[in-house]
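Here is how the chains run, residue by residue.
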Amino acid sequence: MTSMATDPVCGMEVDPTSARYTSEYQGQSYYFCCPGCKKAFDANPSQYVVTKDETS
């Protein structure tokens, strides 16, 4: 069974093996449930990605 990825924009679970909408940011792949979430992420990825520096 494939582990699910979480859409960083809306929080929905997405199957990375069949996701139609994907982006790469800082060497990491992100998966989206719809083109709207991908568009929002691509416009400002840092708004949706928490870096290790921000969590400490």
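Quick note: structure is the one above.
Just so it is clear, the structure is predicted and the values come from calculations on it, not from any experiment.

Turning our attention to the pattern of salt bridges. Evaluated as defined, the whole model comprises 1 salt bridge. A salt bridge links D42 to K38; the shortest N-O distance between them is 2.8 Å. With D42 and K38 both in helix α1 (residues 35-43), this residue pair falls 4 residues apart, about one helical turn. What makes D42 partly exposed here is its relative accessible area of 41%. Residue classification places K38 among the partly exposed residues on the basis of a relative accessible area of 23%.

Position of K39 relative to the elements: it lies in helix α1. In the structure, K39 is positioned 16 residues away from S23 in sequence and 9.6 Å away in space, judged by C-alpha atoms.

Another aspect to go through is unusual backbone geometry. The phi dihedral of Q26 falls on the positive side, at around 50°, and the residue is not glycine. In this structure, Q26 sits in the loop between β3 (21-25) and β4 (28-32). Given the relative accessible area of 61%, Q26 is considered exposed.

The rules behind these values
- Residues numbered from 1 in each chain as written.
- Predicted model: local features only at pLDDT ≥ 70, side-chain atom pairs only at ≥ 80, totals over all residues.
- Heavy atoms only, no water.
- Salt bridge = Lys/Arg side-chain N within 4 Å of Asp/Glu carboxyl O.
- Helix = DSSP H or I, 4+ residues; strand = E, 2+ residues; numbered from the N terminus.
- Buried < 20%, exposed > 50% of the residue type's maximum accessible area, 1.4 Å probe, protein only.

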